[in-house]
Amino acid sequence: MDIRVEDVSYAYGSRQALSGLTWHVRPGITGLLGPNGAGKTTLLSLLVTLNRVRTGTVLVGDHDVSDPAGRRAARRVIGYLPERFSLVAGMRVGDAVAYAAWLNGVSYGECFPAARRALARIGLAERERSRVRELSGGMRQRLGIAAALAHDPAVVIMDEPTVGLDPSQRLRLREVIHEIGRDRTVVLSTHLVEDVAHLCDEVAIIDEGRMRFSGPAHALTAMIDDASGGGGRGSKLERAYDHFLRYGWPGG
Ligand SMILES: Nc1ncnc2c1ncn2[C@@H]1O[C@H](COP(=O)(O)OP(=O)(O)OP(=O)(O)O)[C@@H](O)[C@H]1O
């Protein structure tokens with residue numbers, strides 16, 4: 001399922017957060033990068049219908065989220081993992097995911113099988129009877145993904161899913177995200193260029209509320225090869241991102 005953002009602007013009072021932003025997201029995993037305050041969370045909040053689109057258009061599949069019927073339909077096909085989320089600590093893992101499925105419109109009879117499928121998918125099937133509080137940080141992040149996946153959405157939006165995880169947990173989570181991206185449209189918002197380099201074919205970069213680059217990662221890294229000869233530390237993608245943040249964006 002594709003997502004199309006066309007000429008979207010958004011302001012909080014006099015603070016302009018997004019300015020005339022256009023973006024086309026295709027199936028697979030797309031990384032959304034940008035410095036603090038760039039507008040990533042604002043953009044995600046419009047995609048997942050937490051904030052209203054007032055200027056421009058956002059289509060999730062065929063659903064136009066500017067109108068109420070489109071928003072309701074879009075919510076059925078979107079799974080969202082916010083940067084900060086809480087699940088009831090005393091609940092059993094299986095119940096927490098089944099409840100998320102029910103909140104997203106899955107019938108009562110289907111909630112528990114749906115929760116089991118989602119837990120199996122993210123490698124937590126054996127923890128179904130554990131309490132949420134008994135899970136490690138990495139497992140809790142995976143549980144958050146299971147909750148976002150339980151209604152089997154075609155689109156999954158994740159805001160900083162690997163933040164605060166140790167390297168081994170981060171690798172495990174990357175495997176999970178990679179697996180989810182095989183048959184869905186996944187948007188991964190992050191500060192970690194390394195995660196994008198490992199997981200994403202497509203990259204979008206926003207800065208000061210504007211889309212500065214959108215396309216395959218190799219197209220961005222090819223530009224830096226042209227600009228600086230490609231030397232220096234870090235992955236090619238990191239060098240390209242740092243270069244353009246420091247020296248400005250092509251055409252911008
Ligand atoms: N509720 C709000 N009220 C006023 N201004 C806001 C609000 N939320 C965000 N902003 C402003 O809008 C701009 C974009 O913020 P946003 O949180 O979307 O950026 P971000 O890229 O997600 O940043 P970060 O990476 O730090 O989370 C910033 O200037 C921010 O200060």
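Residues numbered from 1 in each chain as written. Predicted model: local features only at pLDDT ≥ 70, side-chain atom pairs only at ≥ 80, totals over all residues. Heavy atoms only, no water.

Undergrad: Sorry if this is basic, but what is going on with the nonpolar core here?
TA: General note: in soluble globular proteins, nonpolar side chains tend to be found buried as a group. The biggest cluster of nonpolar side chains holds 47 residues, and the ones touching the most others in it are Ile-145, Met-158 and Ile-177. Once residues within four sequence positions are removed from consideration, Ile-177 is found in contact with Ile-29, Ile-145, Met-158, Pro-161, Val-186, Leu-188 and Leu-199. (Core = buried A, V, L, I, M, F, W, Y, C linked by side-chain atoms within 4.5 Å. Buried < 20%, exposed > 50% of the residue type's maximum accessible area, 1.4 Å probe, protein only. Contact = heavy atoms within 4.5 Å.)

Undergrad: Would you explain the packing of helix H3 (residues 93-103) against helix H5 (residues 137-149) in this entry?
TA: For any two helices packed against each other, the geometry is given by the interaxial angle and the distance between the axes. Relative to each other, H3 and H5 sit at 35°, their axes nearing to 7 Å. Between H3 and H5 lies a crossing of right-handed hand. Between H3 and H5, the contacting residues are Val-93, Val-97 and Ala-100 on the first element and Leu-143, Ala-146 and Ala-147 on the second. (Axes fitted to C-alpha atoms, helices over the stretch in contact; angles between N-to-C directions. Helix = DSSP H or I, 4+ residues; strand = E, 2+ residues; numbered from the N terminus. Left-handed = near helix turned anticlockwise from the far one by under 90°.)

Undergrad: Quick question: what am I supposed to make of the pairing of strand E9 (residues 202-207) here?
TA: The element E9 is extensively covered by neighbouring structure, given that 5 of its 6 residues are classed as buried. As paired elements, E9 and strand E10 (residues 210-216) share 6 bridges and run antiparallel to each other. Of the residues in E10, the one forming a bridge with Val-203 is Gly-215. Hairpin connection of E9 to E10: 2 residues between the antiparallel strands, including Glu-208 at a positive phi of 50°. (Pairing = 2+ DSSP bridges.)

Undergrad: Would you mind going over the sheet that holds strand E1 (residues 3-12) with me for this structure?
TA: Across a sheet, strands are paired by hydrogen bonds formed along the backbone, either parallel or antiparallel in direction. Ordered by their spatial adjacency, 4 strands build an open sheet running E2-E1-E4-E5, and the pairing between neighbours is antiparallel. Of all the strands in the sheet, just strand E2 (15-25) and strand E5 (63-64) have a single pairing partner and so form its edges. One ladder, built from 5 bridges, connects E1 with strand E4 (residues 55-60); its direction is antiparallel. Bridge pairing in E4 places Ser-9 opposite Thr-55.

Undergrad: Looking at this structure, I do not really get the site of the ligand. What am I missing?
TA: In the vicinity of the ligand, the contacting residues are Tyr-12, Arg-15, Ala-17, Pro-35, Asn-36, Gly-37, Ala-38, Gly-39, Lys-40, Thr-41, Thr-42 and His-191. Between the ligand and Lys-40, the relevant distance is 2.8 Å, taken from an oxygen atom to a side-chain nitrogen or oxygen of the residue. Between the ligand and the protein, one listed contact pairs an oxygen atom with a side-chain N or O atom of Thr-42 at 2.5 Å. In isolation the ligand has 640 Å² of accessible area, and contact with the protein removes 63% of it. Of all elements in the fold, only E2 and helix H1 (40-47) reach the threshold of two or more residues within the shell around the ligand. Counting residues per element, the shell around the ligand draws most heavily on H1, at 3 residues. (Near = heavy atom within 4 Å. Polar contact = N/O pair within 3.5 Å; in protein donor to acceptor, adjacent residues only side chain to side chain. Areas by Shrake-Rupley, 256 points an atom, 1.4 Å probe, with all protein chains shown as cover.)

Undergrad: Whenever I open this one, the packing of H3 against helix H4 (residues 108-121) confuses me. Can you help?
TA: Following both chains from N to C, one finds H3 and H4 inclined at 120°, their axes separated by 8 Å at the closest point. The angle between H3 and H4 falls in the class oblique. As H3 packs across H4, the resulting crossing turns out to be right-handed. Where H3 approaches H4, its residues Val-93, Gly-94, Asp-95, Val-97, Ala-98, Ala-101 and Trp-102 are matched on the opposing element by Tyr-108, Cys-111, Phe-112, Ala-115, Ala-118 and Leu-119. The residue inventory of the contact of H3 with H4, partitioned by class, reads 11 nonpolar, 1 polar and 1 charged. (Parallel < 35°, antiparallel > 145°, perpendicular 65-115°, else oblique. Nonpolar A, V, L, I, M, F, W, Y, C, P; charged D, E, K, R; others polar.)

Purely geometric numbers; function is a separate question.
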